[in-house]
Each structure stands twice: as structure tokens, then as C-alpha cells.
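In case you want the letters, here they are:
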Amino acid sequence: MAAKRATQADVARMAGVSQATVSLVLNAEPDRVGPETRQRVLDAISKTGYSANPLAQRLARGRNQIIGVFTYEPVFPQGNGDFYHPFLVGIEREAERWGSDLLLFTSAPVENGRRRLSGKARAHLGVTDGCVLLGRTEDKQELVHLIDDGFPFVFVGRRELPGAADLPYVGADYVQATNDVVGLFVEQGHERIGFVGELSDRESIIDRLTGYRTAMRAAGLRPTSFDPAELSPAEIVDVVVENHLTGLVLAEAYRAGSIRAAAAERGLDVPADLSIAVLGQPDVPVEPGTDDAGSAVAWSGFRIPREEMGEQALSLLIELIEDPSGTTDRHRLLPCMVEPGATVSAPRSR
């Protein structure tokens, strides 16, 4: 028969103290226990082989020091690059600093490429002190319910909710970053610069388009934007030629390589005939079904501070957990780093 596991009561009897005193020692509160008493408790722990239940200790303090991480899309997708990886690196680094464990929620089934934060998945959040949420396809009504329930969470990426719901987030300042990228074109003498981005209510696209339009108007230029959803790369180049555009800013980086290849097929050199910048990570992934035309190019654009966003999101969440009614800034936008790259230059006459 296995030996009986030592309990806190066994430690208390051996040390000649109360269980409350043992608990104070285990919770590292030396100011409330004398040094001699503390040493007797430590000696008793050593002799009995007592091992404290960390979860029970955490719950006794009102927190279990477990932070949830929920992603609306699969966190380990096939063929989608490493979109989540830098965010998770930052989250993990900050969790270690705060002495918190991370719990990745994966039980919600993926349907049509996305998860829902409802039903069993929502119930599981109760295991944690709070949750960091990431993803492109969130259900905003689910987020409203979380706020109404008083559950602490932070979204990675700027999000706005209907009504007066105040959603805490850490995002990137796409408005200013896009404004700065358009400035690269203007400085090189471009006057006809197009914006390629889907017609969407996604805040990340809206912010990029806002930054583009603001920069164009400030330079006295006419904005020209179009949705590429129904257009092939060759058709996008057709739009460029028909509208005499000399520059393109791309809201989504994955199109860059195929557009560059289509431009080459039309005899257009990038950047001499057509300058291109990507409004996101300049290390552009290769688009499925194309060659590697975009993989070795030093793309112009800006870099999203994804690791820092992960760090700041968890830091903000901890602040909200520890002081839910505090005055901490619940909306944080981090600056992006503009990279001049090699795909924007002065236009030459066609």
C-alpha cells in the first residue's frame, strides 16, 4: 500500500503550531511569523515531505494565476505563416515576468476556419483569472457578453463594439504608420498612389485606409482606392495602368509577390515603373500557387510590433485583474517601425 501523503495538519502537529501558521509560512509572509517558529515549520515540512498544492494556495489568495489565451482561428494553421507566433512569444515572456501560467483554449471546434467563444468554450474561461483574445474573425456580440459579465479580458488589436461597451485592447497605430509610408512615396515625387484593400469593417483595414486618405489629402493628392477581392494580380496591374498609377500601398502583404510578378509580365519594373509598399510585415509570405517572386525582396512598408503587442496585452490584463475599477489606460496603440526597403523609388516617365 502506498504511503499516506503528508498533510498540512501533520506539519502543524510536528511543529507545534496551528495550520494557519503553516499557511503563513507557505505563503511567504515572514512579517507575521517569528524566525524560530518559521524554522520549526520548515523543518517539519522537510521531515514529513509535505508538498503544498499550488492551485489551492492560489485559490486561497483569490486568484489562480492562470491566464487564458483564446484565438478565433487555429493557432497552428497550415500555410498561414507564423501570424500568431510573435504575439504568443510576447504573451509568454510577460506571463513569466508576472509568475502566471498560460492556458491555451482549443476545445471549441473550428467551423469554416474560425472558433466561437460561446457555450462550453465560454464556460471554460472561468478556470482563468482573465483571458487574452486574438484573431481576425471575432464575434463582437460575444465580446459584449464578456464585458456585461464582468470577465476581465484584453483583445490584441484595436476593436470597437456597438453601443457604449468599452473593450480593452492593445493594438498597432496603423493610421500613423500608413501615413508615414505614403510619405515615402510623396518624398520620391509620386502623385498617383493607389490603395489596394478589401471593403471591410475590420478596424485594421479601416485604420490603414484612414491613414492613406489623410496622407494623400495632406499632400494635395487625390486618393484612389479599390477592393482587389474579385481581381486577379494581372487585373490589378490593369487598374494601375488604366489609372496611370505609379505607386501602390497594399493593405494585405500576401498579394505583394504576385502583383510584382504580374507587373513584370507587363514589362513594368518594380520600383522604377511601379513602386509598391506593404502595410504590414515587410518579410512578405509567398502566396500559395505562385513562384517565390516575393520571398527575397526588401519590401518597403512598416513592421507591426507583434511581440510588444502580446507583452502589453498581458500586462494590461494583469492590471485590470488586480484593479478592475482603476484608471489605467484600457486602449493602447503601439507605434510601427517604417522600413524604407527597396520597392519604393522615384517614378520614371512611362
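These figures come from a predicted structure and were not determined experimentally.

A. Representation of the overall build of the protein chain. A count of helices and strands for the protein chain gives 12 helices and 12 strands. Among the 350 residues that make up the protein chain, the fraction classed as buried is 45%. The long-range fraction of contacts in the protein chain, counting pairs at least 24 apart against all pairs at least 6 apart in sequence, stands at 70%. For the protein chain, the exposed surface amounts to about 17600 Å²; the carbon and sulfur share of it is 50%.

B. Layout of the sheet that holds strand β6 (residues 193-196). Strands sit in the order β7-β6-β8-β9-β10-β12 across an open sheet of six strands; the sheet is mixed. With partners counted over all chains shown, the strands left at the sheet margins are β7 (224-226) and β12 (337-339), one partner each. For this sheet the average axis-to-axis angle between neighbouring strands, irrespective of direction, equals 20 degrees. As paired strands, strand β10 (residues 300-303) and β12 are joined by three bridges and run antiparallel to one another. Within β12, the residue paired with arginine 303 across the bridge is methionine 337.

C. Geometry of the pattern of salt bridges. Considering all chains together, one arrives at 18 salt bridges under this definition. Arginine 13 is the salt-bridge partner of aspartate 10, the closest N and O atoms lying 2.4 Å from each other. Linking aspartate 10 with arginine 13, this pair stays in helix α1 (residues 8-15), spanning three residues, or about one helical turn. As a salt-bridge pair, glutamate 252 and arginine 202 come within 3.7 Å of each other at their nearest N and O atoms. A residue pair is termed long-range when its members are at least 10 positions apart, and glutamate 252 in the loop between β8 (247-250) and α11 (256-265) and arginine 202 in the loop between β6 and α9 (203-218) qualify at 50 residues. Using a relative accessible area of 22% as the deciding quantity, one classes arginine 202 as partly exposed. Overlapping salt bridges bring together Glu198, Arg202, Glu252 and Arg255 as one network.

D. Here's a closer look at the packing of aromatic side chains. On inspection of all chains with the given rule, the structure shows four aromatic pairs. Between phenylalanine 70 and tyrosine 72 the ring centres are 5.1 Å apart and the planes differ by 85 degrees, which places this aromatic pair in the edge-to-face class. Residue classification places tyrosine 72 among the buried positions, given a relative accessible area of 0%. Their ring planes at 20 degrees and their centres at 6.3 Å tell us that tyrosine 72 and phenylalanine 155 sit as a pair that is stacked. Separated by 83 residues along the polypeptide, tyrosine 72 in the loop between β1 (66-71) and α5 (85-98) and phenylalanine 155 in strand β4 (residues 153-156) bring together distant segments of the chain. Assessed through its relative accessible area of 0%, phenylalanine 155 is described here as buried. Joined through ring pairs, the aromatic side chains of Phe70, Tyr72 and Phe155 make up one cluster. Here the basic side chain of arginine 208 rests over the ring of tyrosine 174, its NZ or CZ set 4.0 Å away from the ring centre.

E. Spotlight on the packing of helix α2 (residues 19-26) against helix α3 (residues 35-48). Two elements in contact, α2 and α3, have axes whose closest approach is 10 Å; the angle formed by their N-to-C orientations is 90 degrees. One way to sum up the angle between α2 and α3 is to call them roughly perpendicular. The residues of α3 that touch α2, namely those facing Thr21, Val22, Val25 and Leu26, are Thr37, Arg38, Val41, Leu42 and Ile45. Per-class residue counts for the contact of α2 with α3 are six nonpolar, two polar and one charged.

F. Layout of the confidence of the model for the protein chain. Residues with a pLDDT of 70 or more make up 86% of the protein chain, whose mean pLDDT is 85. Below a pLDDT of 50 lies the segment residues 285-294, which in the model reaches 14 contacts outside its immediate sequence neighbourhood of four places, other chains included.

G. View of the nonpolar core. Core analysis: the largest hydrophobic core is formed by 44 residues, its most contacted members being Val132, Leu134, Ile193, Tyr212, Val249, Phe302 and Met309. Ranked by residue count, the leading element in this core is helix α12 (residues 306-322), at eight residues. If you look at the next biggest cluster of nonpolar residues, it comprises 21 residues, including Ile236, Val270, Ile276 and Val297.

H. Local environment of the sheet that holds strand β3 (residues 130-134). Taken together, six strands build an open sheet; the order of strands is β2-β1-β3-β4-β5-β11 and the sheet is parallel. Two strands bound the open sheet, and with one partner strand each, they are β2 (101-105) and β11 (331-334). Pairwise comparison of adjacent strand axes, ignoring direction, gives a mean angle of 20 degrees for this sheet. For β1 and β2, the ladder comprises five bridges, and the chain directions are parallel. Among the inter-strand pairings, phenylalanine 70 is bridged to a residue of β2, identified as phenylalanine 105.

I. Summary view of unusual backbone geometry. Here valine 270 and proline 271 are connected by a cis peptide whose omega angle stands at 20 degrees. Among the secondary structure elements, proline 271 is positioned in the loop between α11 and β9 (275-278). Positive phi, close to 55 degrees, is recorded for histidine 244, a residue that is not glycine. Tracing the backbone shows histidine 244 in the loop between α10 (233-242) and β8. Judged by its relative accessible area of 55%, histidine 244 is exposed.

So, how was this worked out
Residues numbered from 1 in each chain as written. Predicted model: local features only at pLDDT ≥ 70, side-chain atom pairs only at ≥ 80, totals over all residues. Heavy atoms only, no water. Helix = DSSP H or I, 4+ residues; strand = E, 2+ residues; numbered from the N terminus. Buried < 20%, exposed > 50% of the residue type's maximum accessible area, 1.4 Å probe, protein only. Contact = heavy atoms within 4.5 Å. Areas by Shrake-Rupley, 256 points an atom, 1.4 Å probe, with all protein chains shown as cover. Pairing = 2+ DSSP bridges. Axes fitted to C-alpha atoms, helices over the stretch in contact; angles between N-to-C directions. Salt bridge = Lys/Arg side-chain N within 4 Å of Asp/Glu carboxyl O. Phe/Tyr/Trp six-rings, centres within 6.5 Å; stacked < 30°, edge-to-face > 60°. Lys NZ or Arg CZ within 6 Å of the ring centre and 35° of its normal. Parallel < 35°, antiparallel > 145°, perpendicular 65-115°, else oblique. Nonpolar A, V, L, I, M, F, W, Y, C, P; charged D, E, K, R; others polar. pLDDT = per-residue confidence, 0-100. Core = buried A, V, L, I, M, F, W, Y, C linked by side-chain atoms within 4.5 Å.

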